[in-house]
Amino acid sequence: GQQLNQSPQSMFIQEGEDVSMNCTSSSIFNTWLWYKQEPGEGPVLLIALYKAGELTSNGRLTAQFGITRKDSFLNISASIPSDVGIYFCAGLNYGGSQGNLIFGKGTKLSVKP
Amino acid sequence: NAGVTQTPKFQVLKTGQSMTLQCAQDMNHEYMSWYRQDPGMGLRLIHYSVGAGITDQGEVPNGYNVSRSTTEDFPLRLLSAAPSQTSVYFCASSRDRGFSPLHFGNGTRLTVT
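Predicted, not measured: the structure shown is a model, and the values here were computed from it.

**Comments concerning the pairing of strand β11 (residues 107-112) of chain A**
Residues and elements named next belong to chain A.
- Only one face of β11 is buried: it carries T107, L109 and V111, and the other face, with K108, S110 and K112, is open.
- Where strand β2 (residues 10-14) lies against β11, five bridges are found, and the strand directions are parallel. The partner of F12 across the bridge, within β11, is S110.

Next up, the structure:
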């Protein structure tokens, strides 16, 4: 089946540093989504990307929908302690009568004050 | 606005016991789904529903049953709990048949001994 390869698996960074993570697949997706999960809570949508090549920002977060439609990138600028959590990418296909959403395994981000 | 509400937050079961995890959403969303989250495995789809009276299996459906008698509720039943079902379970909903971004509940942490 379809799989998303998300990297890195984990990151330990200093407050103020920039962060980059990515998601790749051998399959094409129509939509890329980025979620953040804080400890003890469910994932929350950060950014949704609907068009190949699209670059979208949400505050200090910027995500891009790869031009090949097989990858996506998330950057966090000037990290702060509250950025800690697990970041999931998800790819969505419109095949069939309902969406088929595939999640990556997540990138665990730790920020040292 | 409550969003997606899951109960209970924590549960401990003995092997062979049955129980129902509750999920309710107040956003009038058509699509609802159940995921399990295990360390290093990301989010895996158990069952989903595209509307009241319609359910279907996801990636890991064995040992679980669902029903959707109303738009708002989507309970997940464990018929005979096994230690392999120890996990964190998330319910999610979206506006239309899985094509729109998912809204997640805060999860139920289940331990089967």
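**Considering the state of the cysteines**
- Overall, the coordinates contain two disulfides over all chains when judged by the stated rule.
- With its sulfur 1.7 Å from that of its partner, C23 of chain A forms a disulfide with C89 of chain A. With a gap of 66 residues between them, C23 of chain A in strand β3 (residues 19-24) and C89 of chain A in strand β9 (residues 85-93) connect regions that are remote in the sequence.
- Two residues, C23 of chain B and C91 of chain B, share a disulfide whose sulfurs are 1.8 Å apart. When the S-S torsion is -70°, as for the bridge of C23 of chain B with C91 of chain B, the disulfide is left-handed. Of this pair, C23 of chain B sits in strand β3 (residues 19-25) while C91 of chain B sits in strand β9 (residues 87-94), placing them 68 residues apart in sequence.
- Classification of C91 of chain B as buried rests on a relative accessible area of 0%.

What counts, and where the lines are drawn
- Residues numbered from 1 in each chain as written.
- Chains lettered and ligands numbered in written order.
- Predicted model: local features only at pLDDT ≥ 70, side-chain atom pairs only at ≥ 80, totals over all residues.
- Heavy atoms only, no water.
- Buried < 20%, exposed > 50% of the residue type's maximum accessible area, 1.4 Å probe, protein only.
- Helix = DSSP H or I, 4+ residues; strand = E, 2+ residues; numbered from the N terminus.
- Pairing = 2+ DSSP bridges.
- Disulfide = S-S within 2.5 Å.

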